[in-house]
Every structure is written in structure tokens, then in C-alpha cells.
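Residue-level structural notes
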Amino acid sequence: MTRATSPASPQQIDFDQQPFLAIWEVTQACDLACVHCRASAQPNRAPNELSTEEGKQLIDQIAALKVPVFVLTGGDPIKRPDLFELIAHARQVGVRVSLTPSATPLLTREIVFRLKDAGLARMAVSMDGACAETHDAFRGMSGSFARTLEALKWANEAGLPTQINTTFSRRNIGELDAIVALMDQMKIALWSVFFLVPTGRGKLDDLLNATEFEQIFARLHAVAKTASFDIKTTEAQHYRRYLLEQRAADRRAGVAELPSHKLPLGTVDTIGRAPKGLNDGKGFLFISHTGEVYPSGFLPFSGGSIRKQPLAAIYRESPLFRQLRDTKYLEGKCGACEFNQLCGGSRSRAYALTGNPFAEEPCCIHIPRGYDPATVPHAAPRLHVLQGA
């Protein structure tokens, strides 16, 4: 097959035409029982998962779209016996693949080296506590913390770049400083910090409030100035707003700016110029194990199925994705916010808490300049459109 040409940089991508990040949930099967699991994963694979051939066709479409970042997730991707074949196919057609395996006994040193040999570009493992007690309770399996540390060691031996994913919630916010200290000891390329969306097994009682989000933002910003790894956030789009505010404050105080390579992807290009920010359905898409295409794994509205339509057509043309990319549909504070092109708030969390994907971000402390709730128009409900009626 013809190798895909080099993908565009984040600043060159037109999010109306091309996603920056695509995630394929290759299976929902997993032996863990994580308390926040978006998929409510079960031990056994579903019979209607995309087949190997369908998976290769999907990868070909990812290559044609020139998607810069492509992630295989689950469930636990290692549950698929054709995983190495799919990764090798992606390498053949020029798609750079990252993988998020579960830290179970299935993740062995041999598997890690096979993943590297197949062409995997990066392996991401989860670490949701600073100690085994917290992490293993989070993941629902004793020994998961130790297996995570082993997997990172094996990946370093294999020369496979790694990242750590951490989901912050009420269960581990008390260990924030200890988790940061632990990250400093890890040989990783990226720390990806997730903020809970209460869906699947994720519980509303575990959701942090807006002030606690800001506290984590402050800690991440401080860490990013000296860390050897990059930091990005997931479902905390308003970290970009926080970062720009802090950079402005640092300039006024004469403090050295954060190096550009440390900034969250899609946040800023050069000083004073901010491109559109990644968001659910806006530079981002999620393909389920059955081929349904969602704007996010946390937002349960499908734009279509790759078993019926090309991936590009779904992303570019479905009313769901088109509306999510258009800030005129945002309501409340997000609709009035001066940062809504850069941020836009978590559409997934807005839906999870209000039933309206266009509602304001529930966990943002920022008040837009001159904001008066009484004068901000609220768009008519559009759930009937998003549901395909």
C-alpha cells in the first residue's frame, strides 16, 4: 500500500476537515473493573467487534485523513489476538500508533517487546495513585500498580516511548502532590491528566468541583516549567484558558515563559496568537468497538458508523460533529466566554451533568468579561438533532 504523506502540524490542521486525534476502542473486553471506566468494560469480547479486515480498512482511512495521532484503546487492546497485525498494518501505511493496554497479567515483558517490534510508537499506562493501595482500588485489581511499574521498565528496556495517564477525582485528589512527585521519577515522554466525566462507572460523587480543577491546573502549570516530560489534559479544555492567563501574568511579572514545547497540544502557536482548541468532535473523534463514530468516548451520540459511511464523511458532514465545532451553539458562560474558540469547555461533562451537550462547562470557575446570565441567549434544545431524529 502507498505510505501516507507526513501529517500536518497541529497549527496547520483545519478541524472542519481533519481530526488531530483519533481513538479506536478496539474492544471493550478487559479484566480490570475500574471505578471510573467509561465503557463499563467486561471480561469477554463482544461478537460484533470490528473484524481484522474492517480494522485495517479503518486504519487505511486514518492514513488517508493524515491524522497525526492515532490511539488504540479499550477495554484492554491486548485482548485482541490480531493486535500486532493491526499495528504492523498501521506502520505499513504510515500511521503512527499509540496503545493503552491494561496493567494485568496479560501485559508481560514479551508482549511489550512484541509491540515494539510490530511498530508501536508509544505505550500509555494508567497510574491513578501514588501507592498500590490507591491505584489498585481505583483499578479493581490487586497488583495493578506493580504491573504498571514493571511495564514502564520493560518499555524503557525495549526503547519504546511511554506516557502515563492519570484520572483525577475525589478518590485521589488528596494524593496530588505525591502523584506529582512520582511522575518526576518516571522516564516518560508525556503525562496525560484526565479529569473525570461521570459516565459509565464514573460516579457524580467522585467529580471534583471548579475550585479543585483550578488547584490541579496550578500544580500542572508549576510542574510543566521544570519537568522532563510534557503535560496534556483530557476533558479539561479550560486548562488552556488557565495557561494563557498565567502566561500573561508571568509576562507582567517578568517571569520566564513556559517553553513552547511544553504547552498543551493545540493551545498556542506563537505569543499572542491562539488557534482553535481541540474538543469533542472538534479535531477529535472516537471509534467504538462496533464502528460507531463519536465526538468523544464520553459523549454518547454517534455521528454514524464506518460500516455504513466513510470516516471522513462522518467527521466532516454529520450534523453532530458540525454543531459541536460551531461555538455559536454554546450556551451559558461558554457561549459568552472570550476563550470559547480556544477552549469551549467539556461537551461531554456538560452533557453528563445537564443532559445538554451545549451547556456551559460545569467545572469552570472563570466568569467571562462582562458576563450577565440574564442577557445571554440560550439556544433551543438540539438533542433531537444529535440523536439523528
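Residues numbered from 1 in each chain as written. Predicted model: local features only at pLDDT ≥ 70, side-chain atom pairs only at ≥ 80, totals over all residues. Heavy atoms only, no water.

With that settled, the discussion passes to empty space enclosed by the protein. As enumerated under the stated definition, the model contains two cavities of 30 Å³ or more in all. In this structure, the largest cavity encloses a volume near 120 Å³. Broken down by class, the residue content of the lining of the largest cavity amounts to six nonpolar, five polar and three charged. By volume, the second largest cavity amounts to about 50 Å³. In terms of lining residues, the second largest cavity is bounded by N279, K282, L324, D326, T327, L330, N340, C343, G344 and R347. (1 Å grid on protein atoms, 1.4 Å probe; cavity = no way out; pocket = protein on both sides within 12 Å on 5 of 7 lines; lining within 4 Å. Points joined across faces, edges and corners; volume = space filled by probe spheres on them. Nonpolar A, V, L, I, M, F, W, Y, C, P; charged D, E, K, R; others polar.)

Turning to its location among the elements, S305 is positioned in strand β10 (residues 304-305). When its relative accessible area of 7% is taken as the criterion, S305 is described as buried. There is a polar contact of 3.0 Å between the side chain of S305 and the backbone nitrogen of R307. Dropping the residues within four chain positions of it, S305 is found in contact with T290, G291, E292 and I314. (Helix = DSSP H or I, 4+ residues; strand = E, 2+ residues; numbered from the N terminus. Buried < 20%, exposed > 50% of the residue type's maximum accessible area, 1.4 Å probe, protein only. Polar contact = N/O pair within 3.5 Å; in protein donor to acceptor, adjacent residues only side chain to side chain. Contact = heavy atoms within 4.5 Å.)

Another point: the pattern of salt bridges. Considering all chains together, one arrives at 18 salt bridges under this definition. Residue K56 pairs with E85 through a salt bridge whose shortest N-O separation is 2.7 Å. A residue pair is termed long-range when its members are at least 10 positions apart, and K56 in helix α1 (residues 52-65) and E85 in helix α2 (residues 83-92) qualify at 29 residues. Under the relative-accessibility criterion, E85 is labelled partly exposed at 39%. Here D82 makes a salt bridge to R80, at a shortest N to O gap of 2.8 Å. (Salt bridge = Lys/Arg side-chain N within 4 Å of Asp/Glu carboxyl O.)

Overall, the predicted model of the protein reaches an average pLDDT of 87, with 85% of residues at or above 70. Confidence drops under pLDDT 50 across residues 1-5; counting only partners more than four residues distant or on other chains, this segment forms 13 contacts. A low-confidence stretch, residues 379-389 (pLDDT under 50), is modelled with 19 contacts involving residues beyond four sequence positions or located in other chains. (pLDDT = per-residue confidence, 0-100.)

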